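Architecture at a glance
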Amino acid sequence: MGYNLKEIFDCFYTDGTFLNGEPYGSGHIHDTFRIETVEKEKDNYILQRLNNKIFKNIPELQHNIERVTVHLRNKLRSIPGSDIKRECLRLIPSRDGKTWINDNDGNFWRMYIFISNHHSYNVVDSPDKAFEGGRAIGRFQAMLSDMPEGPLFETIPWFHDIEKRLQTFNNKIIENPARRAETVDKEITQILHRAEEMKIILRLGREGKIPRRITHNDTKFNNILLDENDKALCVIDLDTVMPGYVHYDFGDAIRTAANTAAEDEKDLSKINMNINLFKAYSEGYLSETEKTLNDVEKEFLAFAPRLITYTIAVRFLTDFIDGDHYFKIHHEFHNLQRARAQLRLVISMEEQYKDMKRIIRKLT
Ligand code: ADP
Ligand code: GN1
Ligand code: MG
């Protein structure tokens with residue numbers, strides 16, 4: 001759909017004149033555009049049409065991001081040598097005093113400063129990069145641990161709740177709206193076979209053995225920007241920052257940082273969890289958080305990648321069975337291909353689980 005990006009851009013208080021706007025990045029949720037400005041010395045911007053089918057309350061979503069970014073910026077100010085403009089997302093205020101606007105068709109738009117000279121990776125090819133990713137997420141969690149004024153809104157309720165995700169999955173199989181359930185028997189069996197053991201993190205939470213903390217909840221590696229030297233720079237995509245268990249962030253980051261292939265790799269023989277990348281990410285993450293995590297949190301870190309990779313597989317397959325209403329897809333069987341790839345990755349993690357536990361035990 002063609003949007004008048006210049007008109008939307010002009011609804012925000014920007015420094016610089018609109019030159020052009022192009023689709024940008026490989027996120028699965030919003031429509032993201034990079035806006036270049038005429039003046040070379042001025043900032044460029046990221047303009048996003050927000051997915052308000054998925055995020056049902058945009059004012060609450062934006063309120064969370066305002067709070068989180070203000071808090072992070074205050075922290076960075078007290079750290080000598082911080083590059084505040086590049087180490088934290090900055091929302092641009094709209095001319096009517098909010099941090100988003102509505103266009104005439106009811107779309108919601110927001111804008112950030114474009115973080116210049118960053119590197120972004122969908123697949124990670126070196127332990128150094130994985131280590132930096134771990135450091136970025138560990139530091140992010142640590143900086144948010146003392147955020148004042150009560151809990152953040154839950155922008156998507158039960159986001160990582162595997163019991164709820166499995167209920168929805170089972171309901172969709174019965175409802176079978178796209179007449180696809182009968183074509184994915186094998187994948188359904190693989191999922192149901194593992195369902196019980198996946199409930200352990202929720203159980204530990206209910207028993208009070210692991211605390212809810214402020215977590216990011218979408219730590220896919222392309223949501224962690226590295227700088228021009230591939231050092232940790234900025235954690236982006238703050239839409240799901242809310243109360244959660246640290247396992248969700250650790251697990252999702254390993255799912256993407258330690259996978260030798262793309263998230264949607266068709267050739268399953270290429271998919272493997274690289275244990276050196278797992279180790280490097282864990283080292284980076286624990287270098288920032290080792291002192292704050294409790295013993296049970298540490299004990300179950302190695303399990304977290306299995307849980308989150310499984311959860312995403314369930315979500316991709318649910319969306320396939322439902323007829324592709326949630327994730328952006330690029331071809332007819334994309335969600336199925338993604339689900340198969342994630343299930344293959346779960347198996348690779350199961351095969352290496354003993355080593356994963358040993359590595360975490362050594363580091364904690
Ligand atoms: P989605 O929820 O659809 O993944 P994101 O907020 O992650 O949306 O944005 C999509 C992509 O746009 C990111 O993966 C990243 O490549 C890029 N991006 C987002 N915000 C910025 C920013 N402030 N500076 C530079 N790139 C950004
Ligand atoms: C989505 O927004 P993005 O593309 O970074 C999704 C994550 C999934 C991921 C799978 C709000 O992340 O939960 O893990 O796709 N985000 C939302 O690639 O559902
Ligand atoms: Mg993203």
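Our subject is the structure listed above.
This is a predicted model, so every value here is computed, not measured.

**Topic: the site of ligand 2**
- Around ligand 2 there are 16 residues in total, and His-28, Lys-220, Glu-263, Arg-315 and Tyr-326 lie nearest to it.
- The side chain of Asp-237 places a nitrogen or oxygen atom 3.0 Å from an oxygen atom of ligand 2.
- Notes on ligand 2: free accessible area 440 Å², of which the protein chains cover 98%.
- With three residues, helix H11 (residues 304-322) is the largest single contributor of residues to the shell around ligand 2.
- Among the residues forming the shell around ligand 2, the class breakdown is seven nonpolar, three polar and six charged.

**Quick word on the environment of Asn-274**
- Along the chain, the position of Asn-274 falls in the loop between helix H8 (246-257) and helix H9 (275-289).
- In sequence terms Asn-274 and Asn-259 are 15 residues apart; their C-alpha atoms lie 6.3 Å from each other.
- For Asn-274, the residues in contact, after removing those within four places along its chain, are Ala-258 and Thr-260.
- A polar contact of 3.1 Å, which involves the side chain of Asn-274, links it to the backbone nitrogen of Leu-277.

**Topic: the site of ligand 1**
- Near ligand 1 lie 18 residues; those nearest to it are His-30, Gln-48, Ile-113, Ile-115 and Asp-237.
- A distance of 3.1 Å separates an oxygen atom of ligand 1 from a polar atom in the backbone of Ile-29.
- Within the side chain of Asp-237, a nitrogen or oxygen atom sits 2.9 Å from an oxygen atom of ligand 1.
- Listing elements by their share of the shell around ligand 1, those giving two or more residues are strand E3 (45-49) and strand E5 (108-113).

The rules behind these values
- Residues numbered from 1 in each chain as written.
- Chains lettered and ligands numbered in written order.
- Predicted model: local features only at pLDDT ≥ 70, side-chain atom pairs only at ≥ 80, totals over all residues.
- Heavy atoms only, no water.
- Near = heavy atom within 4 Å.
- Polar contact = N/O pair within 3.5 Å; in protein donor to acceptor, adjacent residues only side chain to side chain.
- Areas by Shrake-Rupley, 256 points an atom, 1.4 Å probe, with all protein chains shown as cover.
- Helix = DSSP H or I, 4+ residues; strand = E, 2+ residues; numbered from the N terminus.
- Nonpolar A, V, L, I, M, F, W, Y, C, P; charged D, E, K, R; others polar.
- Contact = heavy atoms within 4.5 Å.

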